[in-house]
Structures are given as structure tokens and as C-alpha cells.
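Reading the structure
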Amino acid sequence: MVVLYTINCPKCLILDKKLNDKKIEHTICTDESIMETKGFETLPMLEVDGQVMNYGEAVKWVNERS
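A few points on the structure. (Residues numbered from 1 in each chain as written. Predicted model: local features only at pLDDT ≥ 70, side-chain atom pairs only at ≥ 80, totals over all residues. Heavy atoms only, no water.)

Focus on the overall build of the protein chain
To keep it simple, the criterion reads: Secondary structure elements follow DSSP: runs of H or I no shorter than four residues count as helices, runs of E no shorter than two count as strands, and numbering proceeds from the N terminus. The globule rule is 2.2 Å times the number of residues to the power 0.38, and the radius of gyration it is compared with is taken over C-alpha atoms. For every residue, the accessible area (1.4 Å probe, protein chains only) is compared with the maximum for its type, and the residue is labelled buried under 20%, exposed over 50%, or partly exposed between those bounds. Here a residue-residue contact requires only that any non-hydrogen atoms of the pair lie within 4.5 Å.
Secondary structure assignment for the protein chain yields three helices and four strands. Here the C-alpha atoms of the protein chain give a radius of gyration of 11 Å, agreeing with the 11 Å that 2.2 N^0.38 yields for 66 residues. Reported as C-alpha extents along the three principal axes, the dimensions of the protein chain are approximately 35 × 25 × 20 Å. Expressed as a percentage of its 66 residues, the buried residues of the protein chain come to 38%. Of the contacts made within the protein chain by residues no fewer than 6 positions apart, 64% connect residues no fewer than 24 positions apart.

Below, the structure written as C-alpha cells:
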């Protein structure tokens, strides 16, 4: 399961586009209370099967998908 936590900032939109371009199924969470509960201080964040990644890690993960 892949979840993109976003507030639709420019980086968020780029990461969403990269996920779509690679045809990676994902859900989008814009609920700021959930993000606050998870302790996120920056966005976007990507959660893949329970592993949380910041923007740089997420872009690298997406780029490595075939």
C-alpha cells in the first residue's frame, strides 16, 4: 500500500505526477490531523507498506521502480 501525504505544494504535486507516470497505485491523504499524529514536520511524505520516506527518499524510490 502506497500513501502520499500532501498539502498540494509544488513538491507534493511533482511526487504525485511521478507516481502517476510510473503507474504506481497510491492513495492521497490531505488530512492534516493524521499527518500531525504521525509527527510529520515536512511534506510531502510517502508511506510504502509502513515505511515512511521524505521527498528525496520518495523520489529515489519512485525512480527505481520499473
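Continuing now.
So, the pattern of salt bridges
Heads up, the rule is: Note on definitions: salt bridges are taken to be side-chain nitrogens of Lys or Arg within 4 Å of carboxyl oxygens of Asp or Glu.
Considering all chains together, one arrives at three salt bridges under this definition. In this structure, the salt-bridge partner of Lys-17 is Asp-21, at a minimum N-O distance of 2.8 Å. Linking Lys-17 with Asp-21, this pair stays in helix 1 (residues 10-21), spanning four residues, or about one helical turn. Put simply, Lys-38 and Glu-47 hold a salt bridge, and the shortest N to O gap is 3.3 Å.

Re the packing of aromatic side chains
This is how it is decided: Stacked, tilted and edge-to-face are the three classes applied to pairs of Phe, Tyr and Trp rings, where Trp contributes its six-membered ring and a pair requires centres within 6.5 Å; stacked means planes under 30 degrees apart, edge-to-face means over 60, and tilted covers the rest.
For the coordinates displayed, the defined rule picks out one aromatic pair. Here the aromatic rings of Tyr-5 and Phe-40 are separated by 5.0 Å at their centres, their planes lie at 70°, and the arrangement is edge-to-face. One end of the pair, Tyr-5, is in strand 1 (residues 2-5); the other, Phe-40, is in the loop between helix 2 (32-37) and strand 3 (45-48), with 35 residues separating them in the sequence. For the pair Tyr-5 and Phe-40, a shared accessibility class is recorded, and that class is buried.

Comments concerning helix 1
For the record, the criterion: To estimate the expected span of a helix, count its residues, drop one, and scale the result by 1.5 Å.
An ideal rise of 1.5 Å per residue puts 16 Å on twelve residues; helix 1 measures up with 16 Å between its terminal C-alpha atoms. On the buried face of helix 1, the contacting elements are strand 1, strand 2 (27-29), strand 3 and helix 3 (55-64). At the exit of helix 1 stands Lys-23, carrying a positive phi of roughly 55°.

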